[in-house]
2 protein chains.
Amino acid sequence: MNSNTYSTVGSFGKKRISESTIHRLSRYYRTLSVLEKEGLQTVSSKDLAKREKLTPAQVRKDLSFFGSFGTRGLGYPVTELKHQMASILGIDRLWRVALIGVGNIGSALVGYKEFARQGFNIIKLFDNDQRKIGSNHKGITISDVRNLERDLKEARIEMVIIAVPATVAQYIIDDVVKAGIKAILNFAPANLKVPNDVFLRNENMSMELEYLSFALVNNHAQKK
Amino acid sequence: MNSNTYSTVGSFGKKRISESTIHRLSRYYRTLSVLEKEGLQTVSSKDLAKREKLTPAQVRKDLSFFGSFGTRGLGYPVTELKHQMASILGIDRLWRVALIGVGNIGSALVGYKEFARQGFNIIKLFDNDQRKIGSNHKGITISDVRNLERDLKEARIEMVIIAVPATVAQYIIDDVVKAGIKAILNFAPANLKVPNDVFLRNENMSMELEYLSFALVNNHAQKK
DNA sequence: TTAACTATGTGAAAAGGTTCACAAAAGTAT
DNA sequence: ATACTTTTGTGAACCTTTTCACATAGTTAA
């Protein structure tokens, strides 16, 4: 099977690709960027697996869902595989992103270089605080959240990051959905409801600390 | 089987508890806190599952790894179950946490209320920037990262959060390990190495945006 | 050119995680 | 009291994900 078998990038047949696979593709992409900077031409599934603390079979299987990118006896071409990962993840383009809630977490996210590096361009900021509205934050004027629906449409926003207090998150999200946004990343610690055709992902930064806490208290077996 | 069967909280026999289960316990804990505020006395696995978008069986199975907390015909006592979750996760106590790298992300984390609410007390800050060292950030004086090992020991730090640039993260982590720290939460986009007895978790905030990007581009089937 | 080596791609097996289905135990109503 | 309802706790079945193992195809060296 060669990569042309999957001529329509984006459909991937009827196969359901698991969340873990997608997350690992993100990691491969990042590591491939590093390898590229280190000047490597090719990388084997064994090398890549070692960097990611995975098995070589896992790496090959993940990639095999999307095509056949390697050369037997040699490995994978670093730069090309990086581009392939970007294309599969949809980060070989710019995304028009808005951020709602320019508080503690929100303002940090505006300056987060990794977002920009991967094509996520935060081009609109919203807040409900009169003191912030109209002011400039890292080159972007903060808009009034009261005009959220209208402004999201007007700016042709494709993704929204929510960093407001949990108490108001559902109201905000309802407006975001009304504006026709289909992809939302939520940092508020709340269980939010969206229609079935909207992708909602939650980022819970306490979760990993809690995992560490559990691991320490239970002296949980280290993986691998 | 009643909850006394597990008198030694923390051992849980030889059963290996999966990462997903632990993460769901975090979510249960948060939701139980909300339910408690709403004044609910009891909650059934069905109710809890609905809030978390899980199956009731999943909720019951997760809890059953740790004991038997419910009453048949009635459900689970909200407040008690919340305390049980806290105890299992090890967040029914205070953790002495240090944060290294008081930059964009780092300073946001210092003020992140959820950490404090769950017992994670950030009591030491470190940076390598002479302009920051000695200054006060939200009531904590920023220390020189050059004395990291000594200061971590002195302050009896138990967990470390790393929010430094990827290029220096490994050097920092080596010092953290030298100081005897066994739990590290890393925000730097890098694959870091630690000895086998150190718990390292990575927080990659781009990952979920990339998942959304993938979902949009591939019109990936929405889950359930 | 040939032999030895390396590394992919992938069915099949194994491991791991989730859901089913039901007995058991408690609550509720009459 | 008794019948009926609710809901837990849990083996077993099912489904998903990971790992194994090997045929295949390319590289490398002499």
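Check the entry above for the structure.
What this report covers is the structure whose coordinates are included nearby. (Residues numbered from 1 in each chain as written. Chains lettered and ligands numbered in written order. Predicted model: local features only at pLDDT ≥ 70, side-chain atom pairs only at ≥ 80, totals over all residues. Heavy atoms only, no water.)

1. Focus: the protein's contact with DNA strand D
R72 of chain A together with S45, R60, S68 and Y76 of chain B are the nearest of the 24 residues found near DNA strand D. For DNA strand D, the fraction of protein-proximal atoms (within 4 Å) that sit in sugar or phosphate groups is 67%. At 3.2 Å, a side-chain N or O of R60 of chain A approaches a base nitrogen of DNA strand D. Counting residues per element, the ones that place at least two in the surface near DNA strand D are α3 (56–64) of chain A together with α3 (56–64) of chain B. Examining the composition of the surface near DNA strand D, we find that four residues originate from one element, α3 of chain A, more than from any other. Here the residues of the surface near DNA strand D sort into five nonpolar, twelve polar and seven charged. (Near = heavy atom within 4 Å. Polar contact = N/O pair within 3.5 Å; in protein donor to acceptor, adjacent residues only side chain to side chain. Helix = DSSP H or I, 4+ residues; strand = E, 2+ residues; numbered from the N terminus. Nonpolar A, V, L, I, M, F, W, Y, C, P; charged D, E, K, R; others polar.)

2. Some points on the pairing of strand β3 (residues 95–100) of chain B
Residue and element names in this part refer to chain B. Across the six residues that make up β3, a large majority, five, are buried. Two strands pair when backbone bridges link them, and β3 and strand β4 (residues 120–127) are joined in this way by six bridges, in the parallel orientation. By the bridge assignment for β4, A98 is matched with K124. Examined bridge by bridge, β3 and strand β7 (residues 159–162) share four bridges and lie parallel to one another. Bridge assignment links I100 to a residue of β7, and that residue is I162. (Buried < 20%, exposed > 50% of the residue type's maximum accessible area, 1.4 Å probe, protein only. Pairing = 2+ DSSP bridges.)

3. Observations regarding the side chain of T31 of chain A
Here T31 of chain A lies in helix α1 (residues 19–37). On the basis of relative accessibility, which here comes to 3%, the residue T31 of chain A falls in the buried class. Not counting chain neighbours up to four residues away, the residues in contact with T31 of chain A comprise L48, R51 and E52 of chain A together with N191 of chain B. (Contact = heavy atoms within 4.5 Å.)

4. Comments concerning the pattern of salt bridges
Going through the model one piece at a time under the given rule, you end up with 30 salt bridges over all chains. With a shortest N-O distance of 3.0 Å, R201 of chain B and E19 of chain B are connected by a salt bridge. Of this pair, R201 of chain B sits in strand β9 (residues 199–202) while E19 of chain B sits in helix α1 (residues 19–37); the two residues are 182 residues apart in sequence, bridging distant segments of the chain. A relative accessible area of 10% means that R201 of chain B is categorised as buried. E19 of chain B sits in the partly exposed class, given a relative accessible area of 25%. Its salt-bridge partner being K82 of chain B, residue E36 of chain B comes within 2.8 Å of it at the nearest N-O pair. Separated by 46 residues along the polypeptide, E36 of chain B in helix α1 and K82 of chain B in helix α4 (residues 78–89) bring together distant segments of the chain. For E36 of chain B, a relative accessible area of 27% gives the class partly exposed. When salt bridges with common partners are traced through the structure, they connect E19 and R201 of chain A together with E208 of chain B into a single cluster. (Salt bridge = Lys/Arg side-chain N within 4 Å of Asp/Glu carboxyl O.)

Everything listed is a geometric property; what it means functionally is a separate question.
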